[in-house]
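Read off the chains here:
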Amino acid sequence: MSRAGSGSLPRYILQRVLLVIPMIWVILTLVFFILRVAPGDPVSAALGGKISPQALEQRRQALGFNRPLIAQYWDYLSSVAHLDFGTTFSDNQPVLRVITDNGGATLYLTVAAFVLALVVGIPLGLIAGRYRDSAPDVVFRLFGILTYAAPVFFVGFLLQFYVAEPLGLPTSGDASPITIFEVPTKTHILLVDALLSGNGAAVQDVLKHLVLPATTLGLLICGVFIRLVRVNMLQTMQADYVEAAEARGLTAGKVTWRHGFRNALVPVITVVGLQFALLLSGAILTEETFNWPGIGQKLLYYINNRDYGAVQGIVTFFALAVVLISLLIDIVNALIDPRVRY
Amino acid sequence: MRRMLSAVAKPFSETTGLARWMLVAGVLITAVFLIAAIFAPWLAPYGFAQSSAHGVEFPKVGHPSSAHPFGTDRLFFDVLSRVIWGARTALEVVILSILFCVVLGVPLGLLSGFYGGPLDRVLVLIMDALYAFPPLLLAIVVSFLLTDVYGGSVIAVSISLTVVYIPQYFRVVRNTTLSAKEATYIEAARAIGARDIRIMRKYLFGNVVHSVPVLGTLNAADAILTLAGLGFLGLGIQSTAAAEWGHDVSRALADAGSGVWWTGLYPGLAIVLLVTGLTLVGEGLNETLNPTLRRRRLLAVVMPPRDRTPVQEVQR
Amino acid sequence: MSIDLTDEVVGFSAQEPVISARDVRVWYGTTKGAIRAVDGVSFDLAPGETLGLVGESGCGKSTLGRGLMGLLPEGAKRDGEVLFRGRDIFSLSPKAAYQLRGRELGMIFQEPLTRLNPLMRISQHFEETIKQHEPDLSKDEIRNRALEVLRLMGIPPTRYRSYPHEFSGGMRQRLMIALTLVLRPAFVVADEPTTALDVLVEAQIVQILNDLRRNFQTSLLLITHNVGIVAEACDRVAVMYAGRIVEQGSVADVFKNPQHPYTRELLRSTISLTTTGLNYIPGAPPDLIDPPDGCRFHPRCPDAMNVCAAKDPVNIARPGGGRVECWLVGPEEEIPSAGRQALEQEELTVVDEA
């Protein structure tokens, strides 16, 4: 009866981790075969016409394309297990390097957008759900629907046109050339590097460049948060324990705060975690809109160069990230909600 | 007929407050775009890739004028015409991808739910893996693979969207099949010796196919955003193949710096409006059909003055 | 519309009643019209007394309990007069109603599993409840009071900091009772407190409710469909049918000498050790949007007379104490000349019974 507390938490985490492994295997298999059954020869698609047929054949040999498919599949799985995502065909770089070089920009863009979405979306959703059909509910919901319905690039277009011009905010890239020149690269996260360098002007410049892209991406996620939090709040306020709290004479404010908001936010954690996929989709569009030098833009660059190696590596990385983030969310959820551990 | 009408009207008549207005507004907006899509050839002043009329070339990036109310773009195309034709492209892509999803997803879901076993487990794992993928990323990868085959056509984009949305169809059909399989009439059909194929076709299919239109409506808003995203990234439909709003906005982005607003504003607004309309329909339906969110239109309780006052009668 | 007949209604009460309900109505709004779930109910409850409220499902028992507490869904309306120690609680300001709730009026619910906030420890439930009503108490005092009630409910102090999901159903119901009683409310509504529990646990809870009087001097309105529990735990019983209390009086007398045919049939349909066959009341409770004219039980009543379908029965003193509403009992002078003839009942079809 009293196997309470944190005793069962490690076991729960272990269980979840074990469940993730087959999922990762299936995703990797899917990525490999989808990209391999593709018509045409990947190597000549990326390099065709640029180098001699002999060199092409050599590259093909070096990349293992002449070996049986099953052997290639095995190579792929074992190298991913060693965190080796292969090399790009067009410029012959390790994909992991591409990811570490460009992932930093994507990381702080998405984190900034996510924080913005949380700070704006959760309070608005809670209020809309608590005061159903009131004026704030109507306004916030409409806001939520509109920010979801407006494509990232269109919001970007409007911001560039109506906000960036009057305010003099930059609309392209993550910093001015001088900042990039002055700030030494340590973490590959420009914002962190700028802070580390102690160069005030550089930090300001980086933040200025961040405002519009983060707002654009943040608005998209914010709309989803408002809707999710609102529905959860609505359903929580109908729970039996909320009525029981009312029956004990707790004031409406306390019932809303202690039994409504808190309980409504627990399922939101899970759903918020699921928005990582949406965040990634949005990040690709935001980077393209604002010419943001992140991993999404890099992916598009390789796609336009028909570089199967790079696409496969980057997609593999994203797939792993999605699975691991959902695992992380489950674990956080178990830490917060005592029921989950059973 | 009458029963059907009342079933359609039920979400409207039984809801109250915001949910009702959302539903009405959403249906109206969606209807406007549907009309634009169906009657595009008659409604649009020009073709979607027409750069001259009556031997007169359209201006390049021309200001909105009486001849071109929404102006013209860099490729000399009439923006208004492309906005209207864009509705038709969106409709075509959504319908095609729903069709593909049904043709592939329904049989797979039926088989998976009906037979279970290893086939079911493998299919479920694959579909779950597809579902876990960021939708736009998946669509990008599929478009990338298809560029050499159907590149830049409506079909290619529809296939990309199919891969994104098929897990949902599969899942719904599989779960419905699983529960329907246990129903008494299926047992009865088995008892009289009906063959599996016949049971699936005759008894299960009808049961399962109901959920398709609902799922299609719920996914349509998302699908249109994905379509526009692909177009914006240049992985969707090419400008001369069809009018596609996302691609038009991406071309307009270059104009924003030079003070040209009309090439991006109108196609962008079209996306926002249509997605808003479809979302309103989805949310409105959700609030009327989902019992935990539903708020019924209650008749006001009017308590008449007491007609039974037994206590007084005793005292009299 | 206040009618004073305290000594008339309650046979035994010499004390001032804690709760005195007069002609209470609670109606629900629906899409088709108002459901008259409670339609003119009067009763009194003395300090420390337990009144059992019995009837079939859907007769308005729970609605009455919730109506008294003020826990009604959107679109519902209530009226009438409920005096709590002389104050009409139906006409209180929302703030005053909140202050009364929990402190003076408590409620125990049917499903203990979902009534505790899963994210809060038991201790936090007690703390927020006590703090709400007695903000000056220190944390230690709160703890002592909570532990004292928990001890009475048989829950060890070691479990004070546990989460709700760590308890069984029966323990959770005892927690709910403890949480209700910690503020020593003068009046508690217990809405089917044992229905969701198994039989052994049920006996335990009934025992606890039985001890309430001794331990807390609490007046209890015990809502149940289980006649056996009423016999065990209640002083008086009120039988409800289709939104009306058709008969009320002391448990011993009502059960020995039921005056209303519905009470009689309800008692016959309960299974006891001496039961030889199963009895049931044919038909189903009426539609409360448009209840039958006259006595609401007349379509199912084996003894129905012509007058029953035509005139509302009169609430009169019950022979042996209490009140009853049935033309069989009287008053004679109000029954028209042909009214005594047996009513020709429409055959209850199988469909009706289903």
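Rules and cut-offs
Residues numbered from 1 in each chain as written. Chains lettered and ligands numbered in written order. Predicted model: local features only at pLDDT ≥ 70, side-chain atom pairs only at ≥ 80, totals over all residues. Helix = DSSP H or I, 4+ residues; strand = E, 2+ residues; numbered from the N terminus. Contact = placed C-beta atoms within 7 Å. Rg over C-alpha atoms; globule rule 2.2 N^0.38 Å. Buried ≥ 20, exposed ≤ 12 C-beta atoms within 10 Å, placed from the backbone. Domains from an automatic or database assignment. Nonpolar A, V, L, I, M, F, W, Y, C, P; charged D, E, K, R; others polar. Axes fitted to C-alpha atoms, helices over the stretch in contact; angles between N-to-C directions. Parallel < 35°, antiparallel > 145°, perpendicular 65-115°, else oblique. Left-handed = near helix turned anticlockwise from the far one by under 90°. Pairing = 2+ DSSP bridges. Expected span 1.5 Å × (residues − 1). Bend = angle between axes of the 7 residues up to and from the residue.

Description of the overall build of chain B
On a plain count of helices and strands, chain B comes out with 13 helices and two strands. Counting contacts in chain B only where the partners sit at least 6 residues apart, residues at least 24 apart contribute 69% of the total.

With respect to the overall build of chain C
Looking only at helices and strands, chain C has 12 helices and 12 strands in total. Taken over C-alpha atoms, the radius of gyration comes to 21 Å for chain C, in line with the 20 Å a tight globule of 354 residues would show. Principal-axis analysis of the C-alpha atoms places the extent of chain C at approximately 70 × 45 × 45 Å. Relative to its full complement of 354 residues, chain C shows a buried share of 47%. Counted over contacts in chain C with a minimum sequence separation of 6, partners at least 24 positions apart contribute 67%.

As for the domain arrangement of chain C
All names here are of chain C. For chain C, the assigned domains read domain 1 (7-104 + 185-289) and domain 2 (115-182). Look at where the C-alpha atoms of domain 1 and domain 2 centre, and you get two points 26 Å apart. Across the boundary between the two partners, domain 1 contributes 14 residues, which contact 12 residues of domain 2. By residue number, the principal contributor to the side of domain 1 that touches domain 2 is helix H7 (residues 199-216), which donates six residues. A per-class count over the side of domain 1 that touches domain 2 returns nine nonpolar, four polar and one charged.

Observations regarding the interface of chain B and chain A
Listed by partner, the interface residues are 39 residues for chain B and 41 residues for chain A. Those elements that provide at least two residues to the side of chain B that touches chain A are helix H2 (17-38), helix H5 (117-132), helix H6 (135-146), helix H10 (211-232), helix H11 (245-256) and helix H12 (262-289) of chain B. When residues in the side of chain B that touches chain A are grouped by element, the largest group, eight residues, is from H12 of chain B. Residue composition of the side of chain B that touches chain A, grouped by class: 29 nonpolar, nine polar and one charged.

Points about the packing of H5 of chain B against helix H7 (residues 154-181) of chain B
All names here are of chain B. Where H5 meets H7, the axes come as close as 9 Å, and the angle between the chain directions of the two elements is 130°. Between H5 and H7, the interaxial angle falls into the category oblique. The two elements H5 and H7 meet at a crossing, and its hand is left-handed. Where H5 abuts H7, its residues Met127, Leu130 and Tyr131 lie against Val163, Pro167, Phe170 and Arg171. For the contact of H5 with H7, the residue count by class is six nonpolar, no polar and one charged.

Notes on the interface of chain A and chain C
Facing the 22 residues of chain A at the interface are 25 residues of chain C. For the side of chain A that touches chain C, the class distribution of residues is eight nonpolar, five polar and nine charged.

Concerning the sheet that holds strand E3 (residues 50-54) of chain C
Residues and elements named next belong to chain C. Judged by pairing direction, the sheet is mixed, and its eight strands sit side by side in the order E6-E7-E8-E3-E9-E10-E12-E11 without closing on themselves. Every other strand in the sheet has two partners, leaving strand E6 (105-108) and strand E11 (315-317) as the edge strands with one partner each. Direction aside, the axes of adjacent strands within the sheet are offset by 20° on average. In this sheet, strand E12 (residues 323-325) lies alongside E11 in antiparallel orientation, the contact comprising three bridges. By the bridge assignment, Ile316 is partnered in E12 with Val324. Its contacts with the sheet place helix H2 (residues 61-69) against E3, E6, strand E7 (187-191), strand E8 (219-223) and strand E9 (236-241), and it is angled at close to 145° to E7.

As for helix H10 (residues 200-237) of chain A
Residues and elements named next belong to chain A. Along its 38 residues, H10 runs just 48 Å from first to last C-alpha, ending more than 12% under the 56 Å computed at 1.5 Å per residue. The sharpest bend along H10 measures roughly 35° and falls at Val211, with the proline Pro213 sitting one to four residues further on. Buried residues dominate H10, accounting for 30 of its 38 residues.

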